[in-house]
Amino acid sequence: MKRMLYYMERDFRRWLRGRVNVLSTLILPAAWLIFVGLALPIRFTDNYLDFIAPGILVLTMLGASLQGGSLLMFDKVLGYLQKFLALPAPRESILFGKILFITLRGLIQATVILAIAILLGANFLNPALIASIYAVLFIFGILLSSVMATIALKVEDHDSYAAINAMVSMPLFFTSSALMPYDQMPGWLAAIARLNPVSYAIDAIRDLQAGVFPATTLLGLLIGAALVLLVSVMVFRRATV
Amino acid sequence: MDTAFTYLKIGSGRSSSLATIETSGLTKRFESLVAVDHLDLAIDREIFGLLGPNGSGKTTTVKMLTTLLIPTEGDATICGYSVTKDPLAVREQISYVPQDMAVDPKLTGRENVIFFAKVYGVPRPREVADEALAMLDLAPRADDLVRTYSGGMRRRLELAQALVHDPAVLFLDEPTIGLDVAGRRRIWEHIIALKDRGMTVFVTTHYMDEADHACDRIGIIDHGRVVATDSPAALKASVCRDIVSIRADGPLPGGLPEGVAFLGRTDGEFRFEADRGDEMGPVLSRAFARAGLAVRAVSVRQPTLDDVFLALVGESDDTEAFDDRRFRRMLRRR
Ligand SMILES: Nc1ncnc2c1ncn2[C@@H]1O[C@H](COP(=O)(O)OP(=O)(O)O)[C@@H](O)[C@H]1O
Ligand SMILES: [Mg+2]
């Protein structure tokens, strides 16, 4: 367990040294929040900011997780992984440390977005609400970063990873419930959106906003995260013998 | 009975009956390619150099010994622990510095070492890191980002990382590759100092001169097979005497002087071995002249590991070309 934290600490130190990275990952979600949340003329709700903020929070986690997988790919390609695997620490702690780092980094970025949303007038100022939003984002982050870590183990270079990343990220976001409610979508889109894990996270946060406890969505997310993590560990073990 | 047996294993197993590194029939196949072919080695408190050209199976051997690759066949023990049955115990005993340099350029030297000390779980990571950095002469630059380090410093930093848990065995895969002359010499000085402290060092290289100078024993590997294992001096003595090289075009003349043996030919250079190279040089040169060949240069030197290597492994392409020509000459005579 402790070993996992040391691996995570290494990634945090490296991340904080690259200031440009820290900033650049925040620009896109902030832009969404300001330009889409405030400027778009939308008729189905009078507070589109409140509606879209959960989507942007989840988008932030999505971006962080998708980008995070490349860290494991680089560790593999640049030879760090070889060195770590020859250490007596349990090998899985490398994987868990990475997933935890990616998720926590996403939460830090989400915090900044949350703060901007509140400044812009979104109704999030409720400690219990904020805490439960973090819980949802955390589970979602574990789910996606496990997926991306698994992909990273199978990919041999940065270009392929970036290609997969681009192939996954935009469709996941646009086929989710981030931008409009299900009843505003064309039927085919709604059908896809209801299966999309990104919608699960967004819907859970919207339910929380509305004061409803999203038991089934949350359970779905949890089961998904557990399954993907399991697969990730299995792939990791197979890739490292 | 069980405890008595365990005691015996620790008491004798670590010192005499089992060497620090022992391999028996260690083999790795990648589909049809045999990368490492039935390796049998015993290595104990010395610098052992695995010497061979690129692609001969050095890295594959090291990866099996460091539990990063599972052998297809055979086994190896490190400090009495099997790499296949007890890989975790093996990893407790060893450190591994891979071929490609992998230190975090965005972290300082000290951060790089402390990180390893923590993951190894050593009791006082900061102090231990300080000691390791000082031992490798990195203390003055310890708080600079590794990005600013030279190649030699990065290698030394990797050694510092490898030393934090005081391993019994150190595996170094091509530790001097890509370094300048001063950097190389320095790395070898440190490796020798570690051996003097009682560490067993397993090092791979394709630089013959370095292996000759620093290793206690050398294994020569080619196409996955270890063809000879001995001290550099014994290897050189067993394989050849003085070497006489003659540059000339054309086929090898017949009627060589007595006591001279033909070793081989590369790029128009014939190599012979003889007891007194200085006297045999002119004699051979005259023999070439008599055969009508223009001798362009004659040189005499003591054998090096290169010659050992050529004698044991040969340069298959060149000898084939030579045989080919002789074959055609035979046909013409008919
Ligand atoms: N993972 C692998 N899959 C297939 N072939 C491999 C693999 N790793 C190494 N080889 C092959 O095994 C042989 C030995 O490689 P290696 O041990 O890296 O040589 P060296 O370190 O001496 O240069 C080479 O022919 C190489 O191409
Ligand atoms: Mg190699």
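Predicted, not measured: the structure shown is a model, and the values here were computed from it.

Draft legend 1. Local environment of the overall build of chain A. Looking only at helices and strands, chain A has ten helices and zero strands in total. Ordered by position in the sequence, the α and β elements of chain A form the string α-α-α-α-α-α-α-α-α-α. Relative to the globule expectation of 18 Å for 241 residues, the C-alpha radius of gyration of chain A, 18 Å, shows essentially globular dimensions. If you line up chain A on its principal axes, its C-alpha atoms span 60 × 35 × 35 Å. When the accessible area of chain A is evaluated, it comes to approximately 10800 Å², of which 71% is carbon and sulfur surface. Of the side-chain charges in chain A, 18 are positive and 12 negative, and the distance between the mean point of each set is 11 Å.

Draft legend 2. A look at the overall build of chain B. Scanning chain B from terminus to terminus reveals twelve helices and 14 strands. Residue burial in chain B is summarised as follows: out of 334 residues, 49% are buried. Counting contacts in chain B only where the partners sit at least 6 residues apart, residues at least 24 apart contribute 68% of the total. Within the structure as shown, chain B displays about 15900 Å² of accessible surface, and the carbon and sulfur contribution to it stands at 51%.

Draft legend 3. Structural detail: the nonpolar core. If you look at the biggest cluster of nonpolar residues, it comprises 144 residues, and the most contacted ones within it are Leu62, Leu137 and Phe140 of chain A together with Ile78, Phe171 and Phe202 of chain B. Beyond its immediate chain neighbours, meaning those up to four positions away, phenylalanine 140 of chain A contacts Val58, Met61, Leu62, Pro197, Val198, Ala201 and Leu221 of chain A. The next biggest cluster of nonpolar side chains, apart from the first, holds twelve residues, and it includes Val260, Phe272, Ala274 and Phe288 of chain B.

Draft legend 4. Looking closely at the interface of chain A and chain B. With 23 residues of chain A at the contact, the number on the chain B side is 29 residues. When chain A packs against chain B, close to 2500 Å² is buried across both sides, 60% of that on carbon and sulfur atoms. When the buried surface of chain A facing chain B is broken down by residue, Arg17, Lys83 and Pro88 of chain A rank first, second and third, together holding 27% of it. Where chain A touches chain B, the interface holds six salt bridges. Here arginine 10 of chain A ties to aspartate 104 of chain B by a salt bridge, and the two come within 2.7 Å at their closest N and O atoms. Joining chain A to chain B, the criterion identifies 16 residue pairs in polar contact (both at pLDDT 80 or more). Listed by contribution, the elements that provide at least two residues to the side of chain A that touches chain B are helix H1 (2–17) and helix H4 (80–85) of chain A. Top element by residues in the side of chain A that touches chain B is H1 of chain A. It accounts for eight residues.

Draft legend 5. Main features of the sheet that holds strand S12 (residues 261–266) of chain B. Residue and element names in this part refer to chain B. Pairing within the open sheet is antiparallel, and its four strands lie in the order S12-S13-S11-S14. At either margin of the open sheet sits one strand with a lone partner, and together these are S12 and strand S14 (295–301). Strand after strand, the sheet turns through a mean of 20° between neighbouring axes, direction not considered. Taken together, the six bridges between strand S11 (residues 242–248) and strand S13 (residues 269–274) define a ladder with antiparallel strand orientation.

Draft legend 6. Quick peek at the domain arrangement of chain B. Considered domain by domain, chain B is made up of domain 1 (21–235) and domain 2 (241–302). With centres defined by C-alpha atoms, the gap from domain 1 of chain B to domain 2 of chain B works out at 41 Å.

Draft legend 7. Focus on the coordination of the magnesium ion (ligand 2). Residue and element names in this part refer to chain B. Within the protein, Thr59 (OG1) and Gln99 (OE1) serve as the donor atoms for the magnesium ion (ligand 2), at 2.0 to 2.4 Å. Highlighted residues: threonine 59 in helix H2 (residues 58–65) and glutamine 99 in the loop between strand S6 (94–97) and helix H4 (109–120), separated in sequence by 40 residues. A relative accessible area of 23% means that threonine 59 is categorised as partly exposed.

Draft legend 8. Quick look at the site of ligand 1. Residue and element names in this part refer to chain B. Taken together, Phe30, Leu33, Ala35, Pro53, Asn54, Gly55, Ser56, Gly57, Lys58, Thr59 and Thr60 are the residues near ligand 1. One of the side-chain N or O atoms of threonine 59 is found 2.7 Å from an oxygen atom in ligand 1. Measuring from an oxygen atom of ligand 1, one finds a side-chain N or O atom of threonine 60 at 2.5 Å. Protein chains bury 58% of the 560 Å² of accessible surface belonging to ligand 1 in isolation.

Draft legend 9. Spatial organisation of the pattern of salt bridges. This structure, assessed with the given rule, holds 30 salt bridges over all chains. Between aspartate 37 of chain B and arginine 225 of chain B there is a salt bridge, with its nearest N and O atoms 2.8 Å apart. Remark: arginine 225 of chain B occurs in strand S10 (residues 225–230) and aspartate 37 of chain B occurs in strand S2 (residues 33–43); sequence separation between them is 188 residues. For arginine 225 of chain B, a relative accessible area of 46% puts it in the partly exposed group. Note that aspartate 137 of chain B is salt-bridged to arginine 186 of chain B, the shortest N-O span being 3.4 Å. Here arginine 186 of chain B lies in helix H7 (residues 181–196) and aspartate 137 of chain B lies in the loop between helix H5 (125–135) and helix H6 (151–163), a separation of 49 residues in the sequence. According to the relative accessible area criterion, aspartate 137 of chain B is partly exposed, its value standing at 38%. The partly exposed category is assigned to arginine 186 of chain B, whose relative accessible area is 33%. Taken together, the shared-partner salt bridges in this structure form one network comprising Arg10, Asp11, Arg14, Asp75 and Lys98 of chain A together with Asp104 of chain B.

Draft legend 10. Quick peek at the pairing of S10 of chain B. Residues and elements named next belong to chain B. Inspection of the sheet shows strand S9 (residues 217–222) paired to S10 by five bridges, in the antiparallel sense. In the strand pairing of S10, isoleucine 220 is matched with alanine 228. Linking S9 to S10, which pair antiparallel, is a turn of two residues; within it histidine 223 sits at a positive phi near 50°.

Draft legend 11. Molecular detail of unusual backbone geometry. All names here are of chain B. Backbone geometry places aspartate 166, a non-glycine residue, at a positive phi of 55°. By the element assignment, aspartate 166 lies in the loop between H6 and strand S7 (169–173). A relative accessible area of 56% places aspartate 166 in the exposed class. Backbone geometry at aspartate 267 places phi at a positive 45°, although glycine is not the residue there.

Draft legend 12. View of helix H7 (residues 158–174) of chain A. Residues and elements named next belong to chain A. Compared with an ideal rise of 1.5 Å per residue, which puts 17 residues at 24 Å, H7 spans 24 Å between its outermost C-alpha atoms and is within 8% of the ideal. Residues Tyr161, Asn165, Ser169, Leu172 and Phe173 constitute the buried set of H7. Down the axis of H7, the buried set is contained in an arc of 85°. They therefore lie on one face. The exposed residues of H7 that point more than 90 degrees off its buried face are Asp159, Ala166 and Met167.

Draft legend 13. Representation of the side chain of arginine 206 of chain A within the structure. All names here are of chain A. With respect to the secondary-structure elements, arginine 206 resides in helix H9 (residues 197–209). Here arginine 206 occupies a buried position and makes no salt bridge, while the nearest side chain of opposite charge, aspartate 203, is found at 4.3 Å. Excluding anything up to four places from it in sequence, arginine 206 contacts Phe51, Pro54, Ser177 and Ala178.

Definitions and cut-offs
- Residues numbered from 1 in each chain as written.
- Chains lettered and ligands numbered in written order.
- Predicted model: local features only at pLDDT ≥ 70, side-chain atom pairs only at ≥ 80, totals over all residues.
- Heavy atoms only, no water.
- Helix = DSSP H or I, 4+ residues; strand = E, 2+ residues; numbered from the N terminus.
- Rg over C-alpha atoms; globule rule 2.2 N^0.38 Å.
- Areas by Shrake-Rupley, 256 points an atom, 1.4 Å probe, with all protein chains shown as cover.
- Lys, Arg positive; Asp, Glu negative; His and termini not counted.
- Charge placed at Lys NZ, Arg CZ, Asp CG, Glu CD.
- Buried < 20%, exposed > 50% of the residue type's maximum accessible area, 1.4 Å probe, protein only.
- Contact = heavy atoms within 4.5 Å.
- Core = buried A, V, L, I, M, F, W, Y, C linked by side-chain atoms within 4.5 Å.
- Buried area = accessible area lost by both parts, 1.4 Å probe.
- Salt bridge = Lys/Arg side-chain N within 4 Å of Asp/Glu carboxyl O.
- Polar contact = N/O pair within 3.5 Å; in protein donor to acceptor, adjacent residues only side chain to side chain.
- Pairing = 2+ DSSP bridges.
- Axes fitted to C-alpha atoms, helices over the stretch in contact; angles between N-to-C directions.
- Domains from an automatic or database assignment.
- Donors = N, O, S within 2.8 Å, 3.2 Å for Na, K, Ca; no water.
- Near = heavy atom within 4 Å.
- Expected span 1.5 Å × (residues − 1).
- Arc of directions from axis to C-beta.

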